[in-house]
Amino acid sequence: MQVFHAGEDIVTGGSVVALGDFDGLHIAHMTIIRSGINYARDRGLKSGILLFEENTKGARLITPNEAKLELLEREKPDFVYLRKFTKEFMRLSPREFVELLIKNLNIKAVCVGYDYSFGYKAEGDVELLKKFGAEYGFDVLVTGAMSLDGKIISSTYIRSLIESGDIEEANKFLGRRFCVEGIVLSGLQNGRKMGIPTANVNYDPKMAMPKSGVYAGITYVDGRRLKCVINVGANPTFNADKITIESHILDFDEDIYGKYIRVSFALRMRGDIKFDSIAALKEQIHSDIDKVREMEL
C-alpha cells in the first residue's frame, strides 16, 4: 500500500477511490472501502482511499490516522491519498473538488456512502456527484445506510457509546475493539507504590474518551498481546484531578517508559470509586485483576 500526500505524486492509470470522512473506520466505512477495492480489482484499476490528516468535523477522534493506515493496509488497497484539510481545500467548489480528483488520482470510479457531501459548505451531494460522473466519465458507487440491532451505523452513535462507557456495544458497531495509543509516561506512580504498576498512556487529547471506570482489555507492547486492567479517570482515592488512561498489564514487570503502546478496550467492569482507604482500593484492584485473568479476551 502506497501512502502519499498532496503534491508528492499523482496516480498513473485509472483508479477507484473511496471518499468520505472515515473518522471511525467502522463497519459501514469499511464496506464502502471494500466495495471500491473489489470494483478496482475486477476491472484492472488501482484502488485507493482519500484520507484527511485532520478530523474535518471537529468531533472527538475514534481512530487516529496511524491506526487507520494500519487497518487499511490489511485490506490491501493500492494507495492512500493523505491531504491536509486546509482553508484553501475547504473553499473548493464541488466541481473543483471533482476536478482535483480527476487530475491527481485519475479516477474512473468513486465509492461513497448514501449521505456523502463534498465541496465548499458541503454543497455537493450524491446526486450532484453522479451528474459530475456522467459529465467527466467516472462511475459513482453508493453504499446505502447500514444498520445493526435496529440502529444506523454512524460515527456519532459509536462516539456516544464510547463516551457512555458502553464499550462492548461500541465495539460491535466498529467491527473491532476501540483503542487508545501513545507513549508511556511517568505518572504519579500510585499504582507502583501499591505494588500494582500501571502504564500511563500519553493519549491524543482529541480522542473520544471512555466514561471513567475500570475496563478489561489488551495492551499491545512490541507486538505482544497482553491482558490488562485499564483505569480511566482522575483517581479519586488519591484526590487527583487529571483524567488518565492507565493500564495494569497482568504478570508483567518490564520497564516500558517511553515505548509506544496500544490499549484496546473489551468491556467495562465497574465505575470509578473513591475508596475510604488505600488498602480497600488495593483489594478491589486485585479483585479486578483476578476477574480479567479468567476472561477470554
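Residues numbered from 1 in each chain as written. Predicted model: local features only at pLDDT ≥ 70, side-chain atom pairs only at ≥ 80, totals over all residues. Heavy atoms only, no water.

As recorded by an unreviewed UniProt entry, the protein chain carries the name Riboflavin biosynthesis protein and is attributed to Candidatus Ornithomonoglobus intestinigallinarum. Annotation of the protein chain in UniProt includes, under Function (unreviewed entry), the sentence "Catalyzes the phosphorylation of riboflavin to FMN followed by the adenylation of FMN to FAD." The record held by UniProt for the protein chain lists under Sequence similarities (unreviewed entry) the comment "Belongs to the ribF family." (UniProt positions renumbered as here; feature names shortened; annotations may be inferred.)

### Things to note about the sheet that holds strand β1 (residues 2-5)
Taking strand neighbours across the sheet as the criterion, the six strands line up as β1-β4-β3-β2-β5-β6 in an open arrangement whose pairing is parallel. Bordering the open sheet on either side are β1 and β6 (139-143), each of which pairs with just one other strand. The mean angle between the axes of side-by-side strands here comes to 25°, regardless of whether they run parallel or antiparallel. Sheet analysis places strand β2 (residues 15-18) next to strand β5 (residues 107-113), joined by four bridges and oriented parallel. Each bridged residue has a counterpart across the sheet, and for V17 the counterpart in β5 is V110. Sheet strands touched by helix α1 (residues 27-43): β2, β3 (46-52), β5 and β6. Its angle to β5, the strand with the most contacts, is close to 155°. Lying on the sheet, helix α2 (residues 65-75) is in contact with β1, β3 and β4 (79-83); it crosses β3 at an angle near 165°. (Pairing = 2+ DSSP bridges. Helix = DSSP H or I, 4+ residues; strand = E, 2+ residues; numbered from the N terminus. Axes fitted to C-alpha atoms, helices over the stretch in contact; angles between N-to-C directions. Contact = heavy atoms within 4.5 Å.)

### With respect to helix α4 (residues 94-105)
Here α4 spans 16 Å end to end across twelve residues, near enough to the 16 Å set by a 1.5 Å rise per residue. Of the residues flanking the end of α4, it is N106, one or two places downstream, whose phi is positive at about 50°. (Expected span 1.5 Å × (residues − 1).)

### Re the pairing of β5
Across the seven residues of β5, six count as buried, placing the element largely inside the fold. By the bridge criterion, five bridges tie β5 to β6 in an arrangement that is parallel. Its bridge partner lying in β6, A109 is registered against D139. (Buried < 20%, exposed > 50% of the residue type's maximum accessible area, 1.4 Å probe, protein only.)

### Describing the side chain of D23
Within the secondary structure, D23 sits in the loop between β2 and α1. Judged by relative accessible area, D23 falls into the buried class, the value being 11%. Among the polar contacts made by the side chain of D23, one reaches the side chain of S155 at a distance of 2.7 Å. (Polar contact = N/O pair within 3.5 Å; in protein donor to acceptor, adjacent residues only side chain to side chain.)

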